[in-house]
Amino acid sequence: MKKVIVIGLDGLEPTIVDALLAAGELPNLARLRDRGGYSRIATTTPAQTPVAWSTFATGTNPGGHGIFDFLRRDPATYLPDLGLNRHESRGAFLPPRVVNLRQGETVWELLGKAGIESTILRCPVTYPPDALRGRLLSGMGVPDLRGGFGTPTLYTTDATLQARESESVVVVALPESGPIETHLPGPKGAKGKPDLRVELRIHHEPSAGRAVVAPADGSDPVEVLEGQWSDWLRVRFKQGLLQSVHGMVRFHGIRLAGDFQLYASPVNFDPDAPAFPISHPPEYVSEISAEIGPFHTTGMVEDHTGMMNERLSEAAFLDQCDLAWREREAQMLLALEKFDRGLFFCLFDTPDRVQHLFWRFREPDHPANRDRAFDPTWARAIDDQYRRSDEMVGRALEFADDETLVIASSDHGFGSFRRGVNLNTVLHDLGYLHLAGGARPGDVHGEMLRGIDWEKTRAYALGLGGIYLNRKGREGSGIVAPADADALGREIAERLAGMVDPQDGATAIRRVRGRDEAYSGPCVDRAPDLLVDFAPGYRASWGTSLGGVPAGRIEDNTRLWSGDHIIDPEAAPGVLFIDRRFRGERASLVDLAPTILDALGVPKGSAMEGSSLLS
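Residues numbered from 1 in each chain as written. Predicted model: local features only at pLDDT ≥ 70, side-chain atom pairs only at ≥ 80, totals over all residues. Heavy atoms only, no water.

Colleague: So what's going on with the overall build of the protein chain? Residues and values would help.
Modeller: Across its full length, the protein chain carries 15 helices and 31 strands. Its C-alpha radius of gyration of 24 Å places the protein chain within 12% of the 25 Å reference for a compact globule of 615 residues. Principal-axis analysis of the C-alpha atoms places the extent of the protein chain at approximately 70 × 70 × 55 Å. The 615 residues of the protein chain split such that 59% are buried. (Helix = DSSP H or I, 4+ residues; strand = E, 2+ residues; numbered from the N terminus. Rg over C-alpha atoms; globule rule 2.2 N^0.38 Å. Buried < 20%, exposed > 50% of the residue type's maximum accessible area, 1.4 Å probe, protein only.)

Colleague: How would you explain the packing of aromatic side chains if you had to name every residue and give the values?
Modeller: Enumeration according to the criterion identifies 20 aromatic pairs in this entry. A ring pair is formed by Y38 and F577, whose centres lie 4.3 Å apart and whose planes are at 5 degrees; its orientation type is stacked. Placement of Y38 in strand β2 (residues 37-41) and of F577 in strand β31 (residues 574-578) is noted, with a sequence separation of 539 residues between them. F577 gets classed as buried once you look at its relative accessible area, which sits at 1%. Measuring from centroid to centroid gives 5.5 Å for Y78 and Y460, while their planes differ by 75 degrees, and the two rings are edge-to-face. Of the two residues, Y78 sits in the loop between β3 (71-73) and β4 (80-82) while Y460 sits in strand β24 (residues 459-462), which places them 382 residues apart along the sequence. The exposure classification of Y78 matches that of Y460, with both residues buried. The lysine or arginine in question, R362, covers the ring of W359, its NZ or CZ lying 5.1 Å from the ring centre. (Phe/Tyr/Trp six-rings, centres within 6.5 Å; stacked < 30°, edge-to-face > 60°. Lys NZ or Arg CZ within 6 Å of the ring centre and 35° of its normal.)

Colleague: So what's going on with the sheet that holds strand β17 (residues 251-255)? Residues and values would help.
Modeller: Ordered by their spatial adjacency, four strands build an open sheet running β10-β9-β18-β17, and the pairing between neighbours is mixed. A strand with exactly one partner marks an edge of an open sheet, and here the two such strands are β10 (168-171) and β17. For this sheet, the mean inter-axis angle between neighbouring strands, taken without regard to orientation, is 20 degrees. Strand direction decides the pairing type here: β17 and strand β18 (residues 261-264), joined by four bridges, are antiparallel. Its bridge partner being in β18, R255 is matched across the sheet by Q261. (Pairing = 2+ DSSP bridges. Axes fitted to C-alpha atoms, helices over the stretch in contact; angles between N-to-C directions.)

Colleague: How would you explain the nonpolar core if you had to name every residue and give the values?
Modeller: In terms of nonpolar packing, the biggest core is built from 85 residues, with Y155, L184, F251, F344 and F358 touching the most fellow members. Looking at this core element by element, the count peaks at nine residues for helix α8 (residues 314-337). Those residues in contact with L184, other than ones at most four positions away along the chain, are T153, Y155, L196, R197, V198, L200, V235, F237, V249, A264 and V267. In this structure, L427, I467, I492 and L530 belong to the second largest nonpolar core, which totals 41 residues. (Core = buried A, V, L, I, M, F, W, Y, C linked by side-chain atoms within 4.5 Å. Contact = heavy atoms within 4.5 Å.)

Colleague: Tell me what's going on with the side chain of H366, and back it up with residues and numbers.
Modeller: Mapped onto the secondary structure, H366 falls in the loop between α9 (350-358) and α10 (380-397). Filtering out sequence-adjacent residues up to four positions away, H366 remains in contact with R360, S416, F417, R418, N557 and S562.

Colleague: Describe in detail helix α6 (residues 284-292), supporting the description with residues and values.
Modeller: Along α6, the residues classified as buried are Y284, V285, I288 and S289. One face of α6 carries all of its buried residues, which in axial projection span an arc of 140 degrees. Those residues of α6 that are exposed and aimed more than 90 degrees away from the buried face are A290 and E291. Check the buried side of α6 and you find it contacts β7 (118-121), β8 (134-137), β15 (233-238), β20 (279-280) and α8. Phi turns positive one or two residues past the end of α6, at G293, with a value near 95 degrees. (Arc of directions from axis to C-beta.)

Next up, the structure:
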């Protein structure tokens, strides 16, 4: 083969794919199936986007590449931190350095050693960008300018409105004449210094349902219409006399008359002047921008926070997703027009985000529909993502010839998230976790493992299904002796496996595995000690993810994030289409890197665990 084209379709669920294929609604995926084959593909533990695509990239299980969750914890302090990358200080006079926490040799690095180029668009956990022979645009892991996965700002005249999760609320006054004077929150300030900000002037025309937002420094403004998204507004956050951080923001006019509400997206890195490198070579991102215009650069492009916080309507969120689709398609086509040899990869992650937030419309009795309007027409939004995914595969096929291998794959499947398991509360009830001062679950602050009596606690949960033992010599206040750890882990696993939901007698937890059972490789010591595999319909609760101890063992999930996939991986396989006959039985994500290398005539890496599906 001369070329391999891989189209990543995040979160495509096999049962939905099967139904749409049978209805003739995925003609391009059907072409791949008919030319070669279609099968399920085994995902990772956990079945989570950054974990799974890191396995795709390296051909190893998470124990080989070291990505186990969006979150990790500092064992010395027990505090959660981002699990994909970290910023390291290099001294008072040097800017911080970003370090990618993914380990292992990637398929594109191996190809580069063989003299073969790759073009990699938006693969997760590629920030900072890998140095490779070819071009790479970083994906999930790139933060917004405030350092989060998505931190929007809401402008309102309602002084009683409280900020919700990961957002800023700025209260504004409507003057009798002249513009609204306000600001855009920006990067967090250095230690002891205030956060950076850009002064804004909003020229408000309520009768026309229109506003014009302009930086006070005289930079170009943008027009915002009620119910619509604006173009990008470029902004500069001044750090000093000679330094500025460049960003871009889009506005959505929620209400521009009466009760004024204006929504500002998370501030993205400006592709023409990113605060940190987000492509290889560094100028690649600005070359794309010069061809297609400015585009989202954050790792989580779709503005899920805005909808989760119920600031954006379903229509507004899908409009923003449409913008993201158009940008990604333009990036793909631009790159494919210049691609004639080697590996091409492009990820479309919007299907995953839409399923997370629209799954409730497939289930009228979903707890998230309680006390909310239910419009069943929104259920079509998920199928629309699959049809659009099929269109992207069709566009990529236009660039394939007889010497091209085409692969379309998802990283995991999808399903309903109806009930959340409060793992720390379960551990408390079973005597493994203790609260200080005689507190009961629900009495203490809801996150960050506050209020734990570490001198008595033997196990605690953090993240989306991981349990850690409070090991002596590892945790800051550890009490579990190394000699006792294995027996304690087995005991907890046995007591949690098969846990029943008292609401209806359904199984909530299928099994619990020790990390040495789930993983192998040089990074196993980074993993949680125990991995909880939930039954479909269940997941670690929202409180568990950040180390909370809520009241009750299991609770309804009433948030708009109503679909998920972080369950027993055996119940969440993805889909795999290849336009050549391949071994579909027991296909796994670890097999894709060896398959790509085999197609291009390069031996697989020594650490890679899978094997080529073509042989």
